[in-house]
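Fold and geometry: a report
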Amino acid sequence: YHLSAAGSDSNNGLSPATPWQTIPHLNGAIADGTVRPGDSVLLRGGDTFQGGIEWFGDDSTLWPVTFGRYGQGRPIIRSGAKRGLWYSGPGGLVVRDIDFIGDASTPLSTGLSGIEIVANVAGARNFFIEDVVLGQWEPDERNRIMKATALKDRTRYGPKNEPIIYVEAEGGSS
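Residues numbered from 1 in each chain as written. Predicted model: local features only at pLDDT ≥ 70, side-chain atom pairs only at ≥ 80, totals over all residues. Heavy atoms only, no water.

1. Topic: the sheet that holds strand 11 (residues 125–130)
With parallel pairing, the five strands of this open sheet are ordered in space as 1-2-5-8-11. For this open sheet the edge positions go to strand 1 (2–3) and strand 11, each flanked by a neighbour on one side alone. Pairing analysis gives five bridges linking strand 8 (residues 91–96) to strand 11, with the strands arranged parallel. Across the sheet, residue Leu 93 finds its bridge partner in strand 11, namely Phe 127. (Pairing = 2+ DSSP bridges. Helix = DSSP H or I, 4+ residues; strand = E, 2+ residues; numbered from the N terminus.)

2. Some thoughts on the pattern of salt bridges
Counting across every chain of the model gives four salt bridges. Note that Arg 74 and Asp 131 form a salt bridge whose closest N and O atoms lie 3.1 Å from each other. Of this pair, Arg 74 sits in the loop between strand 5 (65–70) and strand 6 (76–80) while Asp 131 sits in the loop between strand 11 and strand 12 (133–135), placing them 57 residues apart in sequence. According to the relative accessible area criterion, Asp 131 is partly exposed, its value standing at 47%. The salt bridge partner of Arg 96 is Glu 130, with a shortest N-O separation of 3.2 Å. With Arg 96 in strand 8 and Glu 130 in strand 11, this pair connects stretches of sequence that are 34 residues apart. Residue class for Arg 96 comes out partly exposed when judged on its relative accessible area of 33%. Relative accessible area serves as the criterion here: at 45%, Glu 130 is assigned to the partly exposed category. It is possible to trace a salt-bridge network through shared partners that takes in Arg 74, Asp 99 and Asp 131. (Salt bridge = Lys/Arg side-chain N within 4 Å of Asp/Glu carboxyl O. Buried < 20%, exposed > 50% of the residue type's maximum accessible area, 1.4 Å probe, protein only.)

3. Considering the side chain of Asn 27
Along the chain, Asn 27 falls in helix 1 (residues 23–31). Looking at Asn 27, the relative accessible area reads 14%, which means it is buried. With residues near it in sequence (within four places) discarded, Asn 27 still touches Gly 52, Ile 53 and Glu 54. (Contact = heavy atoms within 4.5 Å.)

4. Considering the sheet that holds strand 6
Pairing between the strands of a sheet is mediated by backbone hydrogen bonds and can be parallel or antiparallel. Judged by pairing direction, the sheet is parallel, and its four strands sit side by side in the order 3-6-9-12 without closing on themselves. For this open sheet the edge positions go to strand 3 (48–50) and strand 12, each flanked by a neighbour on one side alone. Across the sheet, the mean angle separating the axes of adjacent strands is 20° when strand polarity is ignored. Sheet analysis places strand 3 next to strand 6, joined by three bridges and oriented parallel. Bridging from a neighbouring strand, Thr 48 pairs with Ile 76 of strand 6. (Axes fitted to C-alpha atoms, helices over the stretch in contact; angles between N-to-C directions.)

5. Details of the nonpolar core
Counting residues in hydrophobic clusters, the biggest one holds 25 residues, and the most contacted among them are Leu 26, Val 35 and Phe 67. Counting residues per element, the ones that place at least two in this core are helix 1, strand 2 (40–44), strand 4 (53–56), strand 5, strand 7 (85–89), strand 8 and strand 10 (115–119). Sorting elements by how many residues they give to this core places helix 1 first, with four residues. Look past the residues within four positions of Val 35 in its chain and what remains in contact with it is Tyr 1, Trp 20, Leu 26, Ala 29, Ile 30, Val 41 and Trp 55. (Core = buried A, V, L, I, M, F, W, Y, C linked by side-chain atoms within 4.5 Å.)

6. Examining the pairing of strand 6
Only one face of strand 6 is buried, namely the one carrying Ile 77 and Ser 79, since none of Ile 76, Arg 78 and Gly 80 on the opposite face is buried. Relative to strand 9 (residues 99–102), strand 6 runs parallel, the two sharing four bridges. Of the residues in strand 9, the one forming a bridge with Gly 80 is Gly 102.

7. Looking at helix 1
Here helix 1 has its buried residues at Ile 23, Leu 26, Asn 27, Ala 29 and Ile 30. Projected down its long axis, helix 1 carries its buried residues within an arc of 160°, all on one side. In helix 1, those exposed residues whose orientation departs by more than 90 degrees from the buried face are Pro 24 and Ala 31. Taken from the residues just after helix 1, Gly 33 is the one with a positive phi, measuring 85°. (Arc of directions from axis to C-beta.)

Spelled out as structure tokens, the structure:
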């Protein structure tokens, strides 16, 4: 699927010639099952999009959903006081070549972050995040702006609802 600031949510989103326009429309397509595990969602480089992406996966597949870019430049997702990307699923997530920009006054301690991954099954795996910029989230007390959490299998992955991965803001300490 393709998104472009010059697109239209009445398009089918299946090519650069017929892209969707908004993150809320993308979230609706995710929620209704149009966008599924194994699909790619590509944002046009150089464009800015408002809102945060929300992925609620089921427990049945590890086929990756990919969020990336097409064209020249880097797409920017300005999520304001929301997460730039919230993923809940068993694994199978690829994010690359996107800049996520938040609201500088929103600390991670409020439960919001640039990217949040909730691994909802034991053995969750296949998370790849590459060449992603997370900017303007106020780091929490330990200077973290991204987190991942394990919800099941406490013995293997840590206590339920406890963070298992954090990414620090520049100059931070863990």
